[in-house]
Amino acid sequence: MSEHFRVQGGGRLVGEVDVVGAKNSVLKLMAAALLAEGTTTITNCPEILDVPLMADVLRSLGCEVVLDGDVATITTPKELNHRADSEAMGKLRASVCVLGPLVGRCKRAVVALPGGDAIGSRPLDMHQNGLRKLGAHSEIEHGCVVAEAEGLHGAQIWLDFPSVGATENILMAAVLADGTTVIDNAAREPEIVDICVMLQQMGAKIEGAGTSTLTVHGVESLRPTEHRVIGDRIVGATWAFAAVMTRGDITVRGVNPHHLDLVLEKLRMAGAEVTTFDSDGFRVVQRDRPRSVDFVTLPYPGFATDLQPFAIALSSIADGTSMITENLFEARFRFIEEMVRLGADARTDGHHAVVRGVERLSSAPVWASDIRAGAGLVLAGLCADGATEVYEIFHIERGYPGFVENLRKLGATVERVNA
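Numbering of residues starts from 1 in each chain and follows the order in which that chain's sequence is written. Thresholds applied to this predicted model are a pLDDT of at least 70 for local features of residues and 80 or more for the giving and counting of side-chain atom pairs; totals over whole chains, interfaces and linings are not thresholded and use all residues. The basis for every side-chain value is the complete set of non-hydrogen atoms in the structure, without hydrogens or water.

J.: Help me understand the overall build of the protein, please; the structure alone is not making it clear to me.
T.: Helix and strand assignments come from DSSP, with helices taken as H or I runs of at least 4 residues and strands as E runs of at least 2, each series counted from the N terminus. Of regular secondary structure, the protein possesses 13 helices and 26 strands. Restricting the calculation to C-alpha atoms gives the radius of gyration, and the globule rule supplies 2.2 Å times the number of residues raised to the power 0.38. Taking 419 residues into account, the globule formula puts the C-alpha radius of gyration at 22 Å, and the protein, at 21 Å, falls close to it. In terms of overall dimensions, the protein has a C-alpha envelope of 65 × 45 × 40 Å along the principal axes. Relative accessibility decides the category of a residue: with a 1.4 Å probe and only protein chains considered, values under 20% of the type maximum give buried, values over 50% give exposed, and everything between is partly exposed. Burial status across the protein gives 57% buried among its 419 residues. Put simply, of all contacts in the protein between residues at least 6 apart along the chain, 72% involve residues at least 24 apart. Roughly 15700 Å² of accessible area belongs to the protein as shown, and the carbon and sulfur atoms make up 46% of that amount. Within the protein, one finds 39 positive and 54 negative side-chain charges whose respective centroids are separated by 2 Å. Note on definitions: a residue-residue contact is assigned when non-hydrogen atoms from the two residues lie within 4.5 Å. Computed with a 1.4 Å probe, the accessible areas rest on the Shrake-Rupley method; for each residue, only the protein chains presented here act as cover. His is not counted here, nor are the chain ends, while Lys and Arg score as positive and Asp and Glu score as negative. Charge positions are represented by NZ for Lys, CZ for Arg, CG for Asp and CD for Glu.

Printed below as a string of structure tokens:
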């Protein structure tokens, strides 16, 4: 068997944990550095596997990238390589976010179709359609997105779905286009606001960040900047679920609790006591067995699809029956197959799952299929009799810096096994 985590059930998690920069933001911010010649510094970077992978992508384009703890220093040359087809591209879904900056800056791009989590189809149609509206020609050729334009111009763009990735790519191409671009039905996630703030610091003219309509007035050039990544709301929510599932008491620092308003309200419905601290954190205390709660995944400000595995894990040990509806990524219910190994009473029907809570799960070997599924299985293992072994842990380490160390600090008995 490969390297895995061995999780001992029965522990109550108590203590404080610090959350660092958001995985879903830092990789896009690193790509945005391509838009300006010179040295851009990004701080509060999470020390996760995806950051050096993105650094490799940027190096393949001609950048110098230095990673030092939580600081990424990116020096972008005057002349960029427009071909992003390095080996790292196939390991990283977010690598496609170099498409918009390359088209904006170089007026051409060849970007290998990305890899990443196995959570279902995430086509690039909206990315390409947006670039076409801006004046680019874009096709899929030989496993790559190929885009080229004599010049980019402002356009009115309507997204069929508020895709985060499409919003980001179109936005980063539009900031250097000639004229004004309006993106309607844009994604509203805090990570979109974060990239807008950084682009504005670089000299971009953007209105409407955090709303469904982004207005971008193109400028001739941008300048490098220094920017601090926002706290990772998904990691923060993970610890909130951990507190409720283990009937624990966890204080989370480094994340804006207002980015988790709906999540924290759902946990209150499950019986948790939740206290928020302005814009820097929150405390979750669970004294009794949690109550069942229904969850529906939707684009922000709805319940994030990234948190669906935790909703299922919580429901599996809650008092009552929960329905979880997945509206975004169909393959995320693969997680349920592993939860059933742990004794969960769960059934799926299309994009619905019905979970009847049991008082205690039973330990078993399980396999992570993506970042959040892996973390969800570890939390489930804390609620199981005996020792649960979680395999494919490289997924977890793509999204959670110091995961085992933080769990131990909170009182869990977890060890990495090299076998």
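J.: Just to check I follow, could you spell out the environment of Gly-399 for this structure?
T.: With respect to the helices and strands, Gly-399 occurs in the loop between α12 (394-397) and α13 (403-409). Taking the relative accessible area as the measure of exposure, Gly-399 reaches 2% and is therefore buried. The residues contacting Gly-399, other than those within four sequence positions of it, are Lys-23, Ile-48, Val-235, Ile-371 and Arg-372.

J.: Would you explain the environment of Glu-265 in this entry?
T.: Residue position: Glu-265 is located in helix α8 (residues 261-269). The partly exposed category is assigned to Glu-265, whose relative accessible area is 37%. It is 36 Å that separates the C-alpha atoms of Glu-265 and Gly-100, two residues lying 165 residues apart in sequence.

J.: Hey, could you run me through the sheet that holds strand β18 (residues 295-296) in this one?
T.: Whether parallel or antiparallel, the strands of a sheet pair through hydrogen bonds between backbone atoms. Taken in spatial order, the 4 strands of this open sheet run β18-β19-β21-β20, and their pairing is mixed. The two strands at the open ends of the sheet, each matched to only one other strand, are β18 and β20 (345-349). Judged from the 5 bridges that link them, β20 and strand β21 (residues 352-356) form a sheet pairing that is antiparallel. Of the residues in β21, the one forming a bridge with Thr-348 is Ala-353. Here, any two strands with at least 2 DSSP bridges between them count as paired.

J.: How should the UniProt feature "binding site: UDP-N-acetyl-alpha-D-glucosamine" (unreviewed entry) in the protein be read in this particular structure?
T.: UniProt positions are given in the numbering used here, feature names are shortened, and annotations may be inferred rather than shown by experiment. UniProt tags Arg-93, Asp-306 and Leu-328 as "binding site: UDP-N-acetyl-alpha-D-glucosamine" (unreviewed entry). With respect to the helices and strands, Leu-328 occurs in the loop between β19 (321-325) and α10 (334-341). Taking the relative accessible area as the measure of exposure, Leu-328 reaches 24% and is therefore partly exposed. Apart from residues no more than four positions distant in its own chain, Leu-328 is found in contact with Phe-161, Thr-297, Leu-298, Pro-299 and Thr-305.

J.: How do you make sense of the confidence of the model for the protein when you look at a structure like this?
T.: It should be kept in mind that the predicted coordinates are not to be read in detail where pLDDT is low. By definition, pLDDT measures how confident the predictor is in each residue, and it falls between 0 and 100. Per-residue confidence for the protein gives a mean pLDDT of 94; residues scoring 70 or more make up 97%. For residues 116-122, every residue scores under 50 in pLDDT, and the model assigns this stretch 24 contacts once sequence neighbours within four places are set aside.

J.: It is not clear to me how the sheet that holds strand β3 (residues 38-43) should be interpreted in this structure. Could you clarify?
T.: Pairing is mixed in the open sheet, where 4 strands are placed in the order β4-β5-β3-β14. Either end of the sheet is taken by a strand with one partner, and the two such strands are β4 (64-68) and β14 (226-228). Each neighbouring strand pair of the sheet contributes to a mean axis angle of 15°, computed without reference to strand direction. Pairing of β4 with strand β5 (residues 71-76) involves 5 bridges; the strand directions are antiparallel. Interaxial angles span 0 to 180 degrees and are taken between N-to-C directions of axes, which are lines fitted to C-alpha atoms, for helices over the stretch in contact.

J.: Honestly, the packing of helix α9 (residues 308-317) against α10 in this entry has me stumped. Any pointers?
T.: Interaxial distance between α9 and α10 falls to 10 Å at its minimum, and their mutual angle equals 30°. As far as their axial angle goes, α10 and α9 are roughly parallel. Judged by the twist between their axes, the crossing of α9 over α10 is right-handed. Residue-level inspection shows Pro-309, Ile-312, Ala-313 and Ser-316 of α9 in contact with α10, the latter providing Phe-335, Ile-336 and Met-339. Of the residues belonging to the contact of α9 with α10, the class tally is 6 nonpolar, 1 polar and no charged. Orientation labels follow simple angle bins: below 35 degrees gives roughly parallel, above 145 gives roughly antiparallel, 65 to 115 gives roughly perpendicular, and whatever is left gives oblique. Each crossing is labelled by how the near helix is turned from the far one, with a counterclockwise turn of less than a right angle marking it left-handed and a clockwise turn marking it right-handed. Three categories are distinguished: nonpolar for Ala, Val, Leu, Ile, Met, Phe, Trp, Tyr, Cys and Pro, charged for Asp, Glu, Lys and Arg, and polar for the others, with Gly belonging to the last.

J.: I keep staring at the nonpolar core and nothing clicks. Help me out?
T.: Most often, soluble globular proteins keep nonpolar side chains buried together rather than apart. Among the buried residues, those of types Ala, Val, Leu, Ile, Met, Phe, Trp, Tyr and Cys that are joined through side-chain atoms within 4.5 Å form a nonpolar core. Ranked by size, the top nonpolar core spans 79 residues in total, and within it Met-30, Ile-42, Leu-58, Val-98, Val-175, Leu-199 and Leu-222 carry the most contacts. Those residues in contact with Val-98, other than ones at most four positions away along the chain, are Ala-31, Leu-34, Met-54, Val-57, Leu-58, Leu-61, Ala-84, Val-111 and Asn-169. Within the second largest apolar cluster, 71 residues are counted, among which are Leu-264, Leu-342, Ala-364 and Ala-380.

J.: Just to check I follow, could you spell out the pairing of strand β11 (residues 180-184) for this structure?
T.: Of all 5 residues in β11, 4 are buried, a share of seventy percent or more. Both strand β10 (residues 156-158) and β11 contribute to a ladder of 3 bridges, which runs parallel. Residue Ile-157 lies in a different strand from β11, and its bridge partner there is Ile-183. Taken together, β10, helix α5 (residues 164-174) and β11 constitute a β-α-β crossover, and its handedness is right-handed. The pairing of β11 with strand β13 (residues 213-217) spans 5 bridges and is antiparallel. Along β13, the bridge assignment pairs Thr-180 with His-217. The crossover handedness rule: strands pointing away from the viewer, path from first strand over the helix to second strand clockwise, crossover right-handed.

J.: Looking at this structure, how should I read the pattern of salt bridges?
T.: Any carboxyl oxygen of Asp or Glu within 4 Å of a side-chain nitrogen of Lys or Arg constitutes a salt bridge here. Counted under the stated rule, the structure contains 18 salt bridges. Among the ionic pairs, Asp-280 bridges to Arg-253, the shortest N-O distance being 4.0 Å. On the criterion of sequence distance, the pair formed by Asp-280 in the loop between β16 (273-277) and β17 (281-285) and Arg-253 in strand β15 (residues 249-253) is long-range, its members being 27 residues apart. Arg-253 gets classed as partly exposed once you look at its relative accessible area, which sits at 27%. Members of the salt-bridge network, linked through shared partners, are Glu-3, Glu-397 and Arg-416.

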